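# Observations on the model geometry
What follows is each chain in one-letter form.
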Amino acid sequence: MVATLERTEKRLTIQTADITQDTTTIRSLDWDRDRFDIEFGLQNGTTYNSHLIRGEKIALVDTSHAKFRQLYLDTLTGLIDPKQIDYLIISHTEPDHSGLVADFLKLNPQVVVVGAKIAIKFLEGFVHKEFERQVIKNGDKIDLGKGHVLEFVNAPNLHWPDTILTYDWGTQTLYTCDVFGLHYCSDALFDVNLKAIAPDYHFYYECLMAPNARSVLSALKRMKKIGDVKIVANGHGPLLKHNVDELIGRYEEWSLAQTKGEKNVAVFYISGYGDSDRLSQSIARGITKTGITVEMIDAIGADMQEVREIVEHSAGIAIAMPPASGEKAKEATTTLSTILASANDKQIIGFFESYGEDDEPIDPILTKFRELGLTTVFPSIRIKDTPTEATYQLCEEAGTDMGQFLTKEKSIKQRKSLDSDLDKAIGRISGGLYIITAQKGDIKGAMLASWVTQASFEPLGLTIAVAKDRAIESLMQVGDRFVLNILEEGNYQHLMKHFLKRFKPGQDRFEGVKVQDAKNGSPILVDALAYLECEVISRMEVSDHWIVYSQVDEGRVSKPDSLTAVHHRKVGNYY
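Attention here is on the structure that accompanies the text.

### A short note on empty space enclosed by the protein
Applying the stated criterion across every chain, the model contains two cavities of 30 Å³ or more. If you add up the space inside the second largest cavity, you get close to 50 Å³. Looking at the second largest cavity, the residues that line it are Phe268, Ile270, Ala299, Ile319, Ala320, Pro322, Ala332, Thr335, Leu336 and Ile339. Looking at the lining of the second largest cavity element by element, the count peaks at four residues for helix 10 (residues 327-342). Of the residues in the lining of the second largest cavity, the class split is nine nonpolar, one polar and no charged.

### A look at the pairing of strand 9 (residues 112-115)
Look at any regular strand and the pattern is simple: side chains alternate between the two faces of the sheet. As judged from the three bridges shared by strand 8 (residues 87-89) and strand 9, these two strands associate in the parallel manner. In the sheet register, Tyr87 faces strand 9, and the bridge partner there is Val112. In this structure, strand 9 lies alongside strand 10 (residues 132-135), joined through four bridges in parallel fashion. Looking at the pairing, Val112 lines up with Glu132 of strand 10. A crossover links strand 9 with its parallel partner strand 10, the connecting element being helix 4 (residues 117-127), and its sense is right-handed.

### Details of the packing of helix 5 (residues 194-209) against helix 7 (residues 244-258)
With their axes 11 Å apart at the nearest point, helix 5 and helix 7 run at an angle of 40° to one another. On the basis of the axis angle, helix 5 is oblique to helix 7. Judged by the twist between their axes, the crossing of helix 5 over helix 7 is right-handed. In this structure, helix 5 uses Leu194, Ile197, Ala198, Tyr201, His202, Tyr204, Tyr205 and Met209 to contact helix 7, whose residues at the interface are Glu246, Leu247, Ile248, Arg250, Tyr251, Trp254, Ser255 and Gln258.

### Quick word on the pairing of strand 14 (residues 173-177)
A large share of strand 14 lies buried, amounting to five of its five residues. Of the two faces of strand 14, the one carrying Thr173, Tyr175 and Cys177 and the one carrying Leu174 and Thr176 are both buried. Alignment of strand 13 (residues 164-168) against strand 14, held across three bridges, turns out to be antiparallel. Each residue of the ladder has a partner; that of Tyr167, found in strand 14, is Leu174. Linkage of strand 13 to strand 14, two consecutive antiparallel strands, is achieved through a turn of four residues, within which Gln172 is found at a positive phi near 55°. Pairing of strand 14 with strand 15 (residues 231-234) involves four bridges; the strand directions are parallel.

What counts as what
- Residues numbered from 1 in each chain as written.
- Predicted model: local features only at pLDDT ≥ 70, side-chain atom pairs only at ≥ 80, totals over all residues.
- Heavy atoms only, no water.
- 1 Å grid on protein atoms, 1.4 Å probe; cavity = no way out; pocket = protein on both sides within 12 Å on 5 of 7 lines; lining within 4 Å.
- Points joined across faces, edges and corners; volume = space filled by probe spheres on them.
- Helix = DSSP H or I, 4+ residues; strand = E, 2+ residues; numbered from the N terminus.
- Nonpolar A, V, L, I, M, F, W, Y, C, P; charged D, E, K, R; others polar.
- Pairing = 2+ DSSP bridges.
- Right-handed = clockwise from strand over helix to strand, strands pointing away.
- Axes fitted to C-alpha atoms, helices over the stretch in contact; angles between N-to-C directions.
- Parallel < 35°, antiparallel > 145°, perpendicular 65-115°, else oblique.
- Left-handed = near helix turned anticlockwise from the far one by under 90°.
- Contact = heavy atoms within 4.5 Å.
- Buried < 20%, exposed > 50% of the residue type's maximum accessible area, 1.4 Å probe, protein only.

The values reported here are purely geometric and, on their own, carry no functional implication.
Below, the structure written as structure tokens:
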């Protein structure tokens, strides 16, 4: 049975379907969403999946996004009287899955809310009312009757500190929320077309799970203790049924590759305090873009022996500031002391505020690490206002700076060592000189480029190769708009010099440069020979770059008699 309720404004629909015995999924389909946090440019929208399990007792796994409030609640009450539901299982407390918990509690105040200890604490912070709760740990079980025995798997940092997975032994269904998900909206309930969903599945992993690759491997290890998995009932995208082993296996393959880096950075955050969780994820995302492995550690409740071992084996450390007072402050102080005692003068370090109510000051702690001889690689991030996309982009750029610092020596060695005839031959491929400029909201970006070529006549299109660790990469997702500024032969040195500078995280790339606004909102360089206004249509991933195909919408030449600046190389292993 499949039913769909239509809504024309902003295309929000609901799909319900029986996916296995006694089990119904409620999928909130968001067809037009084009961005999910700063990392995600969505080509295919997204879904928010909720699941209803009917044994002798009844459990609801997750709710939906608040934008679906009326659609979701109407659908749920059409399927069952909410007062009949015994358990509300919280896979994690991010608003896209728990946005309607408060609404559900109004319909059923007696329901038992099931979640990890930290999830229950988070809920108390935004539900603002008493509720029945059951705190579960790894391996705990709830018997719903009729064979539906639910076993819980602890999966912290995938990608939220309070994440749990739920396995139904009766139907061999694993409820995973963000894990094994993807931002892909279609009428297909299951993964019937692996080729169609594979790029989005991998991109989702890269953005959310790669910074937590070690945690992914730990969760996969714990999953081996449960039974076979026939269905993965995830929280985003089509449910997995036809390619379960293949897609779970890809997580293991990608995570093993991610953790084999020669160097790693330990990122410490404070769960449930301010914006520490998401800010730390942005830092981690920037680090992983450079190929450096990240180890995410919650400073609250961490094992001190584990902290000591992780710090001793890390090339870098990033620390979110803990609260200066209260219960969490005591635990965080112990963790900070352990980090300080384990650090050494060959490591790099960076600090960022959590934007909590009572952040510990950065400078006294920074001074202690400097006295040990650690090198700071980005200016301490001090957050005075509610974090915005620009704030998260600042954190991502800081993480990228940290990763690039650690890979700098290796990159130089590689450039010096590769000097074969093949390298020299491929270096004879020449290109023009261009500056890509983009703006989205308060976020601006720019990049000098030469790997640019026309790719189609109808519609007019071009491709650009963008290194994965470039800051502007986050502004060149599908649907994003930018300007390709074409530089003039004999009149490009000042622009090239300016945009080749190493900018600090969050620094204005256009300070001192003459610009005007394009129709698409991105900056046009006044001194450019010509410009093209473009929209990203698709992206193809290769080993170290994204190949970005874009449609050209507008363009103009300022000097018809001038020529495009040309970039000649001698070897092909560097720009």
